Structures are given as structure tokens and as C-alpha cells.
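# Per-entry structural report
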Amino acid sequence: MQTKDLGLHKDCKCDTKEVIKGQVLDPFGGAGTTALVSDRLNREATVIELNKDYVKIAKKRLVSESPLFSNVEVK
Ligand SMILES: C[S@@+](CC[C@H](N)C(=O)[O-])C[C@H]1O[C@@H](n2cnc3c(N)ncnc32)[C@H](O)[C@@H]1O
């Protein structure tokens, strides 16, 4: 079996084995590259983008280039 370290480690002394994914915030989202890379590194991403055309481009890229179970939500 092959394993891959995604950099998610428990960082406290709490009595749990649960590890919550890291959260990336990109306040200038553009075409969504930061969100794509976040997804590939198993992180959650929140993207803010002013330009509606870029929002459409970013959504299209995320849906087509990220794994099947990614949840892309535009608000
Ligand atoms: C160079 S791009 C960012 C690239 C992006 N970080 C990536 O990973 O591909 C900059 C973006 O910031 C957006 N932007 C500029 N001012 C903004 C604002 N006040 N709020 C949200 N987005 C803004 C622009 O529309 C542009 O798409």
C-alpha cells in the first residue's frame, strides 16, 4: 500500500484523532488557481472575486479539473 502525506497533522493535545482540513482564503480569486491548488493539497478554499466573468471561469475550471467529490458553490 502506498501512502501520501498531505500535511494534515493533529496540532494540539486534545483527546481526539480528528483532523480538520486546512482552510485557504483567496480574497482576489481571479481564475481560481489558488483554489485548484488548495483542492489538490486536500484543503478547503474560500474565494472572493469581484468580476463575474472570472467567477464563471473559476467555477468551470474547478468543476472540470478538481476531483469528483469537490463541492463548488457560488454565492
Ligand atoms: C491576479 S488575479 C488573482 C489570481 C488568483 N489569486 C489565482 O490564484 O489565480 C486578481 C483578481 O482580483 C480581482 N479583484 C480586484 N479587486 C478586487 C476586490 N476588491 N474584491 C475581489 N476581487 C478583486 C480581480 O478581478 C482579479 O480577477
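Structure's up top.
Everything in this summary refers to the structure shown in the same document.

Criteria and thresholds
Residues numbered from 1 in each chain as written. Predicted model: local features only at pLDDT ≥ 70, side-chain atom pairs only at ≥ 80, totals over all residues. Heavy atoms only, no water. Axes fitted to C-alpha atoms, helices over the stretch in contact; angles between N-to-C directions. Helix = DSSP H or I, 4+ residues; strand = E, 2+ residues; numbered from the N terminus. Parallel < 35°, antiparallel > 145°, perpendicular 65-115°, else oblique. Left-handed = near helix turned anticlockwise from the far one by under 90°. Contact = heavy atoms within 4.5 Å. Nonpolar A, V, L, I, M, F, W, Y, C, P; charged D, E, K, R; others polar. Pairing = 2+ DSSP bridges. Right-handed = clockwise from strand over helix to strand, strands pointing away. Near = heavy atom within 4 Å. Polar contact = N/O pair within 3.5 Å; in protein donor to acceptor, adjacent residues only side chain to side chain. Areas by Shrake-Rupley, 256 points an atom, 1.4 Å probe, with all protein chains shown as cover.

Running from N to C, helix α1 (residues 33–40) and helix α2 (residues 52–65) point in directions that differ by 20 degrees, and their axes come no closer than 9 Å. Judged by the inter-axis angle, α1 sits roughly parallel to α2. Both α1 and α2 take part in a crossing whose hand is right-handed. Touching Thr-33, Ala-35, Leu-36 and Arg-40 of α1 are Arg-61, Leu-62 and Glu-65, all from α2. Partitioned by chemical class, the residues of the contact of α1 with α2 number three nonpolar, one polar and three charged.

Turning our eyes to something else, we now look at unusual backbone geometry. Here the phi dihedral of Asn-42 falls at roughly 65 degrees; this positive angle occurs in a residue that is not glycine. Note on placement: Asn-42 falls in the loop between α1 and β2 (44–47).

Take the pairing of β2 next. For a regular strand, the rule is simple: side chains alternate between the two faces of the sheet. As defined by bridge partners, strand β1 (residues 23–26) adjoins β2 across four bridges and the pair is classed as parallel. Each residue of the ladder has a partner; that of Gln-23, found in β2, is Glu-44. Following the chain from β1 across α1 to the adjacent parallel β2, one finds a crossover that is right-handed.

Below, the discussion takes up the site of the ligand. Taken together, Asp-26, Pro-27, Phe-28, Gly-29, Gly-30, Thr-33, Thr-34, Glu-49, Leu-50, Asn-51 and Tyr-54 make up all the residues around the ligand. Residue Thr-34 places a side-chain N or O atom 2.7 Å away from an oxygen atom belonging to the ligand. At a separation of 2.6 Å, an oxygen atom of the ligand approaches a polar side-chain atom of Glu-49. Calculation on the ligand without its partners gives an accessible area of 610 Å², and the protein chains cover 57% of this total. Counted by class, the shell around the ligand contains four nonpolar, five polar and two charged residues.

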